[in-house]
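# An overview of the molecular structure
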Amino acid sequence: MLTGIRPFRALVLAVTLAALGCHAQTPTAQNASAATASASAANGLSPQLTRRVEVLIRSKFDVPAAYVIHISPPTKSELPGYNAISVTFSAGDKTSRPIVFLLSDDNKTLAQFSKYDISKDPKELVSADGRPSRGGPPNAPVVIVGFDDLECPFCARMHEQLFPALLQRYGDKVRIVYRDFPLYDKHPWAMRAAIDVNCVGSHSTAGYWNLVDYIHAHAAELGGQAGSLAEANKALDQLTRDEGKRQNLDVTALDACIAKQDDAAVMAEIAQGEALGVQATPALFINGEKLEGAEPLAYVYRMIDSALVAAGQTPPPPPAPETPAATPPAAAAPKPGN
């Protein structure tokens, strides 16, 4: 799946000017220039330096002339050789949130950088707790958390092709967990499928995966030839009851869970996925590293191998390349006169 990346210049403008509003009263260009000059007198920078900073910001980020730029006095930054200055933009009675720039000690360089916390192991950023798992044990070196929609055909394709290959290649070094992310505005029975499967999964891990495997493999059949939502819901409920019987679950409790259709837990899983930036399914987190959409298996292997190395494990040897099918010899060209 392709995702758009907003250009840096547009991003800065969106962040800095969004708070101003489309209909804010704006000062004239003359008043804006005078306001900036007035602000520079008290901000600790010389008027000449203030102008150099303002001109660069306006030109690099296409700041309209009507907006007043306010530059704070410099303060000590965390980066040696640079001071921090805070820049805000105003129009009328609206003011943006501050944006921090770095000004070198020799006043010749203006910089901006982003600071990120990498103190936590990425594996801990995406929880696998409280969900049925398959593959390796809870302390497996690699944990794959997949956000899944049981009505999603791309999820079904990934489920069919990817996970058997991973378990065959990595064995108990990889633990697999699914979290619910039904796109219920597009897939009408996906929410019911998630709830029904969880009714079994809260009591039986084997039953959970049996249902997930079956629904992904037969999703196109659940609504009958007419694609009826009522028929799909009925089929899902019956599949859940049948699996409950195979797993010797309490029939009365299972029927009550199916009838209640409580979506609170599923909605909480959706919220968790959204907080992690999930926008589409399938979405995988391999020890915290996100992989969204259908990607070649070789990319997934590479990500898992990298996670294993980081965990002090030796990845398995690279899979043998597939042998291409033999090409039949071309028929001999007829000789002239034949």
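One can find the structure itself at the top, above this paragraph.
Presented here is a report on the structure given in the accompanying data block. (Residues numbered from 1 in each chain as written. Predicted model: local features only at pLDDT ≥ 70, side-chain atom pairs only at ≥ 80, totals over all residues. Heavy atoms only, no water.)

## Section: the state of the cysteines
Applying the stated criterion across every chain yields a total of one disulfide. With a sulfur-sulfur separation of 2.0 Å, Cys199 is cross-linked through a disulfide to Cys257. Taking the sign of the S-S torsion, -85° for the link of Cys199 and Cys257, the bridge is left-handed. Of the two residues, Cys199 sits in helix H5 (residues 190-201) while Cys257 sits in helix H8 (residues 251-260), which places them 58 residues apart along the sequence. (Disulfide = S-S within 2.5 Å. Helix = DSSP H or I, 4+ residues; strand = E, 2+ residues; numbered from the N terminus.)

## Focus on the environment of Ala165
Along the polypeptide, Ala165 turns up in helix H4 (residues 153-170). Its relative accessible area of 16% is what places Ala165 among the buried residues. For Ala165 and Tyr301, which are 136 residues apart along the polypeptide, the C-alpha to C-alpha distance reads 9.8 Å. Not counting residues within four places of it along the chain, the set of residues in contact with Ala165 comprises Leu297 and Tyr301. (Buried < 20%, exposed > 50% of the residue type's maximum accessible area, 1.4 Å probe, protein only. Contact = heavy atoms within 4.5 Å.)

## Remarks on the pattern of salt bridges
Close approach of charged atoms allows side chains with opposite charge to pair. Within this structure, the stated rule accounts for 11 salt bridges. Residue Arg192 pairs with Asp237 through a salt bridge whose shortest N-O separation is 2.8 Å. With a gap of 45 residues between them, Arg192 in helix H5 and Asp237 in helix H7 (residues 229-246) connect regions that are remote in the sequence. What makes Arg192 partly exposed here is its relative accessible area of 22%. Of the residues examined, Asp237 reaches a relative accessible area of 9% and is grouped as buried. Connected through salt bridges with shared partners, the residues Arg131, Arg179, Asp180 and Glu269 form a single ionic network. (Salt bridge = Lys/Arg side-chain N within 4 Å of Asp/Glu carboxyl O.)

## Topic: the sheet that holds strand S11 (residues 289-292)
A sheet is described by the order of its strands in space; here five strands give the open sequence S7-S9-S8-S10-S11, paired in mixed fashion. Each edge of the sheet is formed by a strand with only one pairing partner; in this case those strands are strand S7 (133-135) and S11. When the angles between neighbouring strand axes are averaged without regard to direction, this sheet yields 20°. Here strand S8 (residues 142-148) pairs with strand S9 (residues 174-180) via seven bridges, running parallel. If you follow Phe147 over to S9, its bridge partner there is Arg179. This element, helix H6 (residues 205-218), spans S7, S8 and S9 of the sheet and lies at about 70° to S9. The sheet strands contacting helix H9 (residues 264-275) are S8 and S9, and the helix crosses S9 at an angle near 110°. (Pairing = 2+ DSSP bridges. Axes fitted to C-alpha atoms, helices over the stretch in contact; angles between N-to-C directions.)

## A closer look at the packing of H4 against H6
Helix-helix packing: each pair is described by the crossing angle between the helix axes and the interaxial distance. As a packed pair, H4 and H6 sit with axes 9 Å apart at the nearest point and diverge in direction by 120°. Between H4 and H6, the angle falls in the class oblique. H6 is crossed by H4, and the crossing has left-handed handedness. Every residue of H6 that contacts H4 at Cys155, Ala156 and His159 is listed here: Trp209, Val212, Asp213 and His216. Tallied by class, the residues present in the contact of H4 with H6 amount to four nonpolar, two polar and one charged. (Parallel < 35°, antiparallel > 145°, perpendicular 65-115°, else oblique. Left-handed = near helix turned anticlockwise from the far one by under 90°. Nonpolar A, V, L, I, M, F, W, Y, C, P; charged D, E, K, R; others polar.)

## Side note on the packing of aromatic side chains
Summed over the entire model, instances satisfying the criterion amount to seven aromatic pairs. With centroids separated by 6.2 Å and ring planes inclined at 35°, the aromatic side chains of Phe61 and Phe101 adopt a geometry described as tilted. Residue Phe61 is found in helix H3 (residues 47-61), and its partner Phe101 is found in strand S5 (residues 99-104); the two are separated by 40 residues along the sequence. Each member of the pair, Phe61 as well as Phe101, is classed as buried. Between the aromatic rings of Phe147 and Phe181, the centroid separation amounts to 6.2 Å while the plane-to-plane angle is 90°, which identifies the pairing as edge-to-face. You can see Phe147 sitting in strand S8 and its partner Phe181 sitting in the loop between S9 and H5, a full 34 residues away along the chain. Here Phe147 matches Phe181 in class, with each residue buried. Aromatic rings pair up to connect Phe163, Tyr178, Tyr208 and Trp209 into one cluster. (Phe/Tyr/Trp six-rings, centres within 6.5 Å; stacked < 30°, edge-to-face > 60°.)

## Quick look at H5
Between its first and last C-alpha atoms H5 spans 16 Å; for 12 residues at 1.5 Å apiece the expected length is 16 Å, and the two agree. For H5, every residue scored as buried is listed here: Ala190, Met191, Ala193, Ala194, Ile195, Asp196, Val197, Asn198, Cys199, Val200 and Gly201. Looking at the buried residues of H5, the elements they touch are S9, H6, H7, H8 and H9. (Expected span 1.5 Å × (residues − 1).)

## Here we look at empty space enclosed by the protein
Within this structure, the stated rule accounts for two cavities of 30 Å³ or more. Space inside the largest cavity adds up to approximately 70 Å³. For the lining of the largest cavity, the secondary-structure elements that each account for two or more residues are S9, H5 and H6. For the lining of the largest cavity, the per-class residue count stands at eight nonpolar, no polar and four charged. Taken as a whole, the second largest cavity spans an internal volume of roughly 40 Å³. Considering the residues around the second largest cavity, the lining is formed by Arg241, Gly244, Lys245, Leu249, Val251, Leu254 and Asp255. Mapped by element, the contributors of at least two residues to the lining of the second largest cavity are H7 and H8. (1 Å grid on protein atoms, 1.4 Å probe; cavity = no way out; pocket = protein on both sides within 12 Å on 5 of 7 lines; lining within 4 Å. Points joined across faces, edges and corners; volume = space filled by probe spheres on them.)

Such coordinate-based values are descriptive only and should not be taken to indicate function.
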